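Working through the structure, step by step
Chain by chain, the residues:
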Amino acid sequence: MQPSSGSSENQPYNLNNELAKERTRAAADRTLMAWIRTSLSLIGFGFGIPTIVRTIESTRIGEHIDPHRFSTIVGLSFISVGIYGIAAALKEHHRMIKRLRQDRYTYESSNTAEIVAISLLLIGAISFLGVILRALNLKN
């Protein structure tokens, strides 16, 4: 009787493959932990920014920009990106572990880091514009 090619119990045990899977799993765990640290930092910044602005300034600047509302929006943006980062990292980690349990590992690319980076770029650009507008309103 010929062993079937799709059955893992009939294939010879390959220690190199198993060790490679273990190293990949460990790398996936480290990546997840890095994402958690990054996301918690973003969430912390999100809570900290409005608090700092409220402490420094308690007056309304200009006709169009309320620093408290603006800082709250920026803070909530950081919190949202942090929450997205944790959720996406958990999903990616789960998919990675699921793929490692299969006999044949298949690579799947991820764009979570790009999405978080673009989100932070947008938040930074909007914040920069807000600070410039605030500075222009102070000069007038």
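Structure's up top.
Residues numbered from 1 in each chain as written. Predicted model: local features only at pLDDT ≥ 70, side-chain atom pairs only at ≥ 80, totals over all residues. Heavy atoms only, no water.

**Notes on the pattern of salt bridges**
- Throughout the structure, instances matching the rule amount to two salt bridges.
- Aspartate 29 serves as the salt-bridge partner of arginine 25, at 2.1 Å between the closest nitrogen and oxygen. Of this pair, arginine 25 and aspartate 29 both sit in helix 1 (residues 15-56), four residues apart, roughly one helical turn.
- By relative accessible area, which is 26% here, aspartate 29 ends up partly exposed.
- One salt-bridge network, held together by shared partners, links Glu22, Arg25 and Asp29. (Salt bridge = Lys/Arg side-chain N within 4 Å of Asp/Glu carboxyl O. Helix = DSSP H or I, 4+ residues; strand = E, 2+ residues; numbered from the N terminus. Buried < 20%, exposed > 50% of the residue type's maximum accessible area, 1.4 Å probe, protein only.)

**Looking at the nonpolar core**
- The biggest cluster of nonpolar side chains holds nine residues, and these are Leu32, Trp35, Leu42, Val74, Phe78, Val81, Ala89, Val116 and Ile123.
- For this core, the secondary structure elements donating two or more residues are helix 1, helix 2 (67-100) and helix 3 (112-139).
- Looking at this core, the element that brings in the most residues is helix 2, giving four residues.
- What phenylalanine 78 contacts, discounting residues up to four positions off in sequence, is Leu42, Ile43, Phe45, Gly46, Ile49, Leu120 and Ile123. (Core = buried A, V, L, I, M, F, W, Y, C linked by side-chain atoms within 4.5 Å. Contact = heavy atoms within 4.5 Å.)

**Brief notes about the side chain of lysine 21**
- Along the polypeptide, lysine 21 turns up in helix 1.
- Engagement of the side chain of lysine 21 in a polar contact is seen with the backbone oxygen of leucine 100, the distance being 3.4 Å.
- Aside from chain neighbours lying at most four places away, what touches lysine 21 is Leu100, Gln102 and Asp103. (Polar contact = N/O pair within 3.5 Å; in protein donor to acceptor, adjacent residues only side chain to side chain.)

**Thoughts on a nonpolar patch on the surface**
- Together, Phe128, Leu129, Ile132, Leu133 and Leu136 make up a nonpolar patch on the protein surface, roughly 480 Å² of accessible area in all.
- If you trace the backbone, leucine 129 turns up in helix 3. (Patch = residues over 30% accessible without salt bridge, like charges linked within 9 Å, V, L, I, M, F, W, Y side chains within 5 Å. Areas by Shrake-Rupley, 256 points an atom, 1.4 Å probe, with all protein chains shown as cover.)

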